[in-house]
Amino acid sequence: MKSVARTAALVAGAVVVLVSPVVAFRAWSGPADPRPSVGAAPAATLLPGDVRDATGRMVAGAVWTGLVEHDPATGRAVEAAAQSITSPDRRVWTVRLRPGGRFHDGSPVTARSFTDAWTAVLRERWAGARLFTEVARVKGAREGADGVAGLKVTGDLSFEVTLDRPLNGFPSLLGDPAFLPMPEPALRSRDWAAYARRPVGNGPVRVVSNDGRALVLRRDGARDVVVRAMPDAGRQYAAVEAGDLDVATAVPPNRHASMDEDFPKRHLVVPGRAMTYLAFPGWEKRLSSPAVRQAISMAIDRRAVSEGPLGHQTTPANSLVAPGILPGRREGQCRLCVHDPKAASAALADAGGLSGPVTFWYEAGAGDDAWVKALADQLRANLKLDTRLKPVPAADLREALDKREVDGPYVVRSTAAYPAPIAALSPLTAAGTGYRDEYALDQIGRAEGAATPDDAVIPARLAESALLRDMPLLPLWAPHDHFVWSERARGVTADAFTGLRLDRLTVTE
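Analysis parameters
Residues numbered from 1 in each chain as written. Predicted model: local features only at pLDDT ≥ 70, side-chain atom pairs only at ≥ 80, totals over all residues. Heavy atoms only, no water. Helix = DSSP H or I, 4+ residues; strand = E, 2+ residues; numbered from the N terminus. Rg over C-alpha atoms; globule rule 2.2 N^0.38 Å. Buried < 20%, exposed > 50% of the residue type's maximum accessible area, 1.4 Å probe, protein only. Contact = heavy atoms within 4.5 Å. Disulfide = S-S within 2.5 Å. Pairing = 2+ DSSP bridges. Axes fitted to C-alpha atoms, helices over the stretch in contact; angles between N-to-C directions. Core = buried A, V, L, I, M, F, W, Y, C linked by side-chain atoms within 4.5 Å. Phe/Tyr/Trp six-rings, centres within 6.5 Å; stacked < 30°, edge-to-face > 60°. Lys NZ or Arg CZ within 6 Å of the ring centre and 35° of its normal. Parallel < 35°, antiparallel > 145°, perpendicular 65-115°, else oblique.

With that settled, the discussion passes to the overall build of the protein. Helices and strands together make up the secondary structure of the protein, namely 17 helices and 22 strands. A compact globule built from 509 residues would reach a C-alpha radius of gyration of about 23 Å, and the protein, at 24 Å, matches this within 12%. Based on the C-alpha atoms only, the size of the protein along its principal axes is roughly 70 × 65 × 45 Å. Per-residue burial over the protein gives 52% buried out of 509 residues.

One can find Glu69 in strand 2 (residues 68-70). Distance from Glu69 to Ala80, taken between C-alpha atoms, is 6.1 Å for residues 11 residues apart in sequence. Those residues in contact with Glu69 that lie beyond four places of it in its chain are Arg76, Ala77, Val78 and Ala80.

Let us now look at the state of the cysteines. Within this structure, the stated rule accounts for 1 disulfide. Put simply, Cys334 and Cys337 are joined by a disulfide, and their sulfur atoms are 2.1 Å apart. Given an S-S torsion of about 85 degrees, the disulfide between Cys334 and Cys337 has right-handed geometry. Exposure remark for Cys337: the relative accessible area of 7% places this residue in the buried category.

Where strands meet in a sheet, backbone hydrogen bonds hold them as pairs that are either parallel or antiparallel. Spatially, 4 strands are ordered 4-5-7-6 in an open sheet, and the strand pairing comes out antiparallel. Looking at which strands have only one partner, the edges of the open sheet turn out to be strand 4 (82-86) and strand 6 (151-155). Within this sheet the neighbouring strands show an average axis-to-axis angle of 20 degrees, counted without direction. As paired strands, strand 6 and strand 7 (residues 158-162) are joined by 4 bridges and run antiparallel to one another. Paired with Val153 across the strands is Phe159, a residue of strand 7. Taken strand by strand, helix 3 (residues 111-123) contacts strand 5 (92-97), strand 6 and strand 7, and its axis lies near 170 degrees from that of strand 6.

This part covers the nonpolar core. Grouped together as the largest cluster of nonpolar side chains are 142 residues, with contacts concentrated most on Leu67, Trp118, Ile296 and Leu502. Those residues in contact with Ile296 that sit more than four places away from it in its chain are Leu278, Phe280, Leu354, Leu379, Leu383 and Leu474. The next biggest cluster of nonpolar side chains, apart from the first, holds 10 residues, and it includes Met230, Ala239, Val240 and Phe263.

Turning our attention to the packing of aromatic side chains. According to the stated counting rule, one finds 10 aromatic pairs in the structure shown. Ring centres 5.1 Å apart and planes at 90 degrees place the aromatic pair Tyr237 and Phe263 in the edge-to-face group. Here Phe263 lies in the loop between helix 9 (259-262) and strand 12 (267-271) and Tyr237 lies in helix 8 (residues 233-241), a separation of 26 residues in the sequence. Of the two residues, Tyr237 and Phe263, both sit in the buried class. A network of ring pairs unites the aromatic residues Phe114, Trp118, Phe132, Phe159 and Phe179 as a single cluster. Over the aromatic face of Trp361 sits the side chain of Lys390, whose NZ or CZ is 5.0 Å from the ring centroid.

This brings us to the packing of helix 10 (residues 290-299) against helix 17 (residues 457-470). Between helix 10 and helix 17, the least distance of the axes is 7 Å, while the angle of their chain directions is 90 degrees. One finds that helix 10 runs roughly perpendicular with respect to helix 17. Taking contact as the criterion, the partners of Pro290, Arg293 and Gln294 in helix 10 are, on helix 17, Leu468, Arg469 and Asp470.

Structure (structure tokens):
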């Protein structure tokens, strides 16, 4: 499974510790500071090929210009650093760069800025490596390898990428931070720690300082943007209320209900690109009937869990495709995701019932205990099941799936690598369920190899219908992002794949 899914002190000293940060915070973020300010959890890293969190993606989207960008309104890929990305067969792709591209240090953006950066992602085994090996499936791409057969530089501003199989979504995939360029000095030095502290990109925004507490980003013709390290959602929210912060990138659960009143017309919920599923081991005979799995789906009150243990941070699923995937997605595909305990009980009875313990497997330490317990309690109440919980380390869960030792439903998380329905559906066939329906797999192959992304929509929908009919795994909910902002903030724009667009953020004088 890919995705299974992570003092004793003197009173005087304590006063200093408590007061000093407040004084310091107001000194560099108070009303006298004219710069737009954003609160966010600290990024794990600013290495583009190793970005693995929302803050990293947000910063990368401003500091670098990738080959393509995703239109926030439509989700479609638009050429950016690339002048063209073409292929006669959707397997061998030719990329031509726009002339005149420069990094912030003045060095030119060339074909090798991309191919050598991509090779580094694989060689260093960064988080983005799986996009080359598992999603794009670039020919010869292997983690740890110092060369990739499928990358060929054909000129200063052109290169070819050969994939193992046709993928019409490849240009859209190139919008991920894993595919960003790096300047030759950084690639030559391999001093990744220094580069991560002050990355040099080729985008509209450049990093001018980064002290761990605040990241200052400079834009030509506009005020600097300050991204403050504020992991606590409650602190962000209060800071915007007090006028000490312009944009909060998170909203605490206890303020969700008052968000509209606190920030009228100044709040935004951005649907996500990830989804949480409940999967079923195909080798467990008691769970082999689609009718049993469908009954379990109808017995789950997704909204109650989303608004309860998950603290209003998720959107209940009505499709296998996350709501943040805009092109080609259809609402309401999963009719059996509607909570209907009476129909669920009747469907389970018609299927012969489900006796004996039903054990829910999930990753220990991932923060899932409360919602898994709530879900198990619902099934106990609505279907009279003997539900039990089994949290295990992630590695043990993967091993148990490989050995077919998992004997009950298990939690799967999956994130679409690019905005297309097939990007959400294809990974589900590798979720460890053993599901191998020929029709569904054929439609997935047709969608991936279609002539255009638009041509891929119909086979993707047919594949989704087949997966929902058999329900080897059922969708639960998709995380979403919240933003609230001050009265002076303008241009607050965000999407599921880039996050907040820092280059578009302004404030009134």
